[in-house]
Amino acid sequence: MRRVVAGADAFVDGSLQPLDIVIDDGVIAALVPRGNEVEAGEVIDGSGLVAIPGGVDVHVHTRDPGYTHKEDIWTCSQAAAAGGYTTIFGMPNVDPPTMRTDDLAYVMSLYAAKSLVDYNHNPAAKLLDQIAPMAEMGVRAYKIYMVVDTGRTYPHPAAIGVHDHGELYEAMKEVAKTGLRLMVHPHDQSIMDVVEQSYWKIDDRSPQAYARTLAVDDGLIWDLATATLLRLAEATGCRLHIVHAQTTRQIEMITAARERGVDVSAETNHWTIFLGNWTDVETMGSYALSYWVPDHHKAAVWDALRNGTIDMLSSDHAPHTREEKDIGWEDAWAAHTGTPGIQYQLPLMLDAHHAGKLTLERVVDLCCTAPAERFGLDQKGSLAVGKDADIVLVDLEKQWTITNDSVLSKIGWTPYDGRPCQGAVSRTLVRGTDVYVGGAIVGRPGHGRLAEAKG
Ligand SMILES: [Zn+2]
């Protein structure tokens, strides 16, 4: 059945235009000037709203399989739909961890059965002989963690970590052969080890100590790892994606590497710009990840989001239960790190747009277009004829307050509880089908499909 989104201002070719969107078989069939008569089985009234492309979030922890007491693919994909995300990429720190073709086939079967939105999955680039065969299965990227968990066994299981430069070098050479992107969490564990021990010696395991450890010497732990990764990418030709880009030096290094021709993309995460003040560390402890990004870095990150040096915003949606967080008040090293965010990231970006921090063009590029482009999803990321009809209707004027009651994630809490916001997701379509309408999930598990390169 032909559907038409009529009356909305559509974000097309970098600006808002009075165009109605004609959808045939899940694909955008035409963009026609508002008021032109179009024959359709159903007209979706977009009056007063803005139509943007569906969000693409390449960094999402669905917790499925293995940690489904925190989240599963069905609940995670509902939070995505409500948050205006129509494509999600899962991560390998599930159980079994995604390292081999059979692990990948299993997790792909779970998405096919449960996901409301389109999906892909980033397996770990840990076993060299598994890297090429997993590329054949349609993945768009791999993931490497340079982190070792001390004091807990999750969320960075030892089995999939890579902490040795030689091992990293070999993995990057292997990924380079596939032409796909390697996502890396930059982290220098040996610096982390000595700094955390200095706090443990004085028996300080508070969230503040944890935050000071991670941010030691103005971001040393993140900067050293980023320098290593960029040099290795230059040496191996591996296309690199840096997650958690959040310091001035990282931004400078990324810029310099690009000037030398290194293919590097970078993301920052909602918590870097919307949480992570020292007050958040003090009042929220491990609920704010105990993650502290000092203010002068935040200013640089906002600049990099505005000028495109940081390509995209990813949620790093990382749900944990209250029990797994509360333990952090006693021992921040025992709390599971990460914080949920996929449901509220886009509204918070619209709010930032309203506050004059970003143009709407930058919001759409950061959340939708750039991730689709950098990860080779030809059918996603923009409103154009022939693309998938992944459409989000947003209300730029709506003022509301984020509350725990609205959380669709299994864990039932958000670090943004109580935060006022201007800008809301009104309706989400995945390939022309409604998945979220006016506050309610309307789609079914298994609607999502593997998001691939067109080929
Ligand atoms: Zn992550």
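Sequence order as written defines the numbering, with residues in each chain counted from 1. Given that this is a predicted model, residues contribute local features only at a pLDDT of at least 70 and side-chain atom pairs are listed and counted only at 80 or more, while totals for whole chains, interfaces and linings are drawn from all residues. Side-chain numbers come from the whole structure's heavy atoms, not from hydrogens or water.

**Q** Could you give me a rundown of the overall build of the protein chain, with the residues and numbers involved?
**A** We count a stretch as a helix when DSSP gives it H or I for four or more residues in a row; a strand needs E for two or more, and each element gets its number in order from the N terminus. Regarding its fold elements, the protein chain presents 14 helices and 19 strands. A radius of gyration in this sense is built from C-alpha atoms; the matching globule rule multiplies 2.2 Å by the number of residues raised to 0.38. Against the globule reference of 23 Å for 455 residues, the protein chain gives a C-alpha radius of gyration of 21 Å, in line with a compact fold. The C-alpha extent of the protein chain, read off along each of the three principal axes, is 75 × 45 × 40 Å. Out of the 455 residues in the protein chain, the part that is buried amounts to 61%. Once local pairs closer than 6 in sequence are excluded, the contacts in the protein chain between residues at least 24 apart make up 75%. Reported accessibility uses the Shrake-Rupley method at a 1.4 Å probe radius. Residues are deemed covered only where the shown protein chains occlude them. Accessible surface, the protein chain: about 15,900 Å² in total, of which carbon and sulfur atoms supply 49%. With 39 positive and 61 negative side-chain charges, the protein chain shows a separation of 2 Å between the mean positions of the two kinds. Buried, partly exposed and exposed residues are distinguished by accessible area as a fraction of the type maximum, computed with a 1.4 Å probe on protein chains only: under 20%, between the cut-offs, and over 50%, respectively. By definition in these notes, contact holds between two residues if any of their heavy atoms fall within 4.5 Å. His is not counted, nor are the chain ends; Lys and Arg add positive charge and Asp and Glu add negative charge. Lys charges are placed at NZ, Arg charges at CZ, Asp charges at CG and Glu charges at CD.

**Q** Quick one: what's the story with empty space enclosed by the protein, residue by residue and with numbers?
**A** In this analysis a 1.4 Å probe is tested at points of a 1 Å grid over the protein atoms alone, and where it fits but cannot get out there is a cavity; an open set with protein on both sides within 12 Å along at least five of seven lines is a pocket; lining residues have an atom within 4 Å of a point. Grid points are joined across faces, edges and corners, and a volume is the space filled by probe spheres set on the points. Taken as a whole and judged by the stated rule, the model has two cavities of 30 Å³ or more. In this model, the largest cavity occupies a volume close to 300 Å³. Lining the largest cavity are 29 residues, with Pro 155, His 156, His 185, Thr 337 and Gly 338 positioned closest to its centre. Of all the secondary structure elements, the ones that give two or more residues to the lining of the largest cavity are strand S11 (141–145), helix H5 (189–201) and helix H6 (207–214). Taken together, the residues of the lining of the largest cavity break down into twelve nonpolar, twelve polar and five charged. Quantified by volume, the second largest cavity comes out at close to 60 Å³. Under the scheme applied here, ten amino acids are nonpolar (Ala, Val, Leu, Ile, Met, Phe, Trp, Tyr, Cys and Pro), four are charged (Asp, Glu, Lys and Arg), and all others, including Gly, are polar.

**Q** Which residues make up the environment of Trp 333, and what values go with them?
**A** On the secondary structure map, Trp 333 appears in the loop between helix H12 (322–326) and helix H13 (345–354). Taking C-alpha positions, Trp 333 is 34 Å from Met 134, a pair spaced 199 residues apart along the chain. Reaching out from Trp 333, the side chain makes a polar contact with the side chain of Glu 196 at a distance of 2.7 Å. Under the rule applied, a polar contact is a pair of N or O atoms within 3.5 Å (in protein, one hydrogen donor and one hydrogen acceptor; residues adjacent in sequence only if both atoms are side-chain atoms).

**Q** Before we move on, can you summarise the layout of surface pockets with the specific residues and values?
**A** Reported here for the largest pocket is a volume of approximately 310 Å³. Taken together, 16 residues form the lining of the largest pocket, with Ala 82, Trp 400, Val 425, Tyr 436 and Gly 439 sitting closest to its centre. Every element with two or more residues in the lining of the largest pocket is listed here: strand S16 (391–401) and strand S17 (420–430). The residue makeup of the lining of the largest pocket, split by class, is nine nonpolar, five polar and two charged. Domain delimitation follows an automatic or database domain assignment. When residues of the lining of the largest pocket are assigned to domains, at least three fall in each of domain 1 (3–51 + 386–396 + 420–441) and domain 2 (54–374).

**Q** Outline helix H7 (residues 216–236), supporting the account with residue identities and numerical values.
**A** Each residue after the first adds 1.5 Å to the expected span of a helix. Between its terminal C-alpha atoms H7 stretches 30 Å, which fits the 30 Å expected from 21 residues at 1.5 Å a residue. Throughout, bend refers to the angle between the axes fitted to the seven residues that end at a position and the seven residues that start at it. Maximal helix bending in H7 amounts to about 40°, located at Asp 223. Looking at H7, one finds that the buried residues are Val 216, Gly 219, Ile 221, Trp 222, Asp 223, Ala 225, Thr 226, Leu 229, Leu 230, Leu 232, Ala 233 and Thr 236. Phi turns positive one or two residues past the end of H7, at Gly 237, with a value near 75°.

**Q** Provide a residue-level description of the coordination of the zinc ion, including the pertinent values.
**A** Think of the donor list as every N, O and S atom within 2.8 Å of the metal, or within 3.2 Å for Na, K and Ca; water never makes the list, so a site can look incomplete. Only His 59 (NE2), His 61 (NE2) and Asp 316 (OD) from the protein reach the zinc ion as donors, at distances of 2.1 to 2.2 Å. Positions of the donor residues of the zinc ion along the chain correspond to the pattern H-x1-H-x254-D. His 59 sits in the buried class, given a relative accessible area of 1%.

**Q** Tell me about the sheet that holds strand S4 (residues 19–24), and name the residues and values.
**A** Reading across from one edge, S5-S4-S1-S6 is the order of the four strands in this open sheet, with mixed pairing throughout. If you trace the sheet from one side to the other, it starts and ends with strand S5 (27–33) and strand S6 (42–45), each paired once. Each neighbouring strand pair of the sheet contributes to a mean axis angle of 25°, computed without reference to strand direction. Strand pairing is defined by DSSP finding a minimum of two bridges between the two strands. When S4 meets S5, the two strands line up antiparallel, connected through six bridges. Along S5, the bridge assignment pairs Asp 24 with Val 27. Only C-alpha atoms enter the line fits that serve as axes; for helices the fit covers just the stretch in contact. Angles between N-to-C directions range over 0 to 180 degrees.

**Q** Explain the domain arrangement of the protein chain to me, using residue names and the numbers behind them.
**A** As assigned here, the protein chain comprises domain 1 (3–51 + 386–396 + 420–441) and domain 2 (54–374). For domain 1 and domain 2, the distance between their C-alpha centres works out to 30 Å. Contacts between the two partners involve 23 residues from domain 1 and, on the opposite side, 22 residues from domain 2. As used here, buried area is the combined drop in accessible area, with a 1.4 Å probe, of two parts when they are placed together. Summed over both partners, the interface of domain 1 with domain 2 buries about 1,700 Å², with 70% contributed by carbon and sulfur atoms. Sorting the residues of domain 1 by area buried against domain 2 places Phe 11, Gln 422 and Ile 441 first, and these three jointly supply 30% of that buried surface.

**Q** I'd like a description of the packing of helix H1 (residues 73–82) against helix H2 (residues 101–114), backed by residues and values.
**A** Interhelical geometry of H1 versus H2 gives an angle of 60° and a closest axis separation of 9 Å. Classified by the angle between their axes, H1 and H2 sit oblique to one another. In this structure, the crossing between H1 and H2 has a hand that is right-handed. Listed contacts from H2 to Ile 73, Trp 74 and Ser 77 of H1 are Leu 110, Tyr 111 and Lys 114. Classifying every residue of the contact of H1 with H2 by side-chain character gives four nonpolar, one polar and one charged. Note on angle classes: values under 35 degrees are labelled roughly parallel, values over 145 roughly antiparallel, values of 65 to 115 roughly perpendicular, and the remainder oblique. For any helix crossing, the convention is left-handed if the near helix is rotated counterclockwise from the far helix by under a right angle, and right-handed if that rotation is clockwise.

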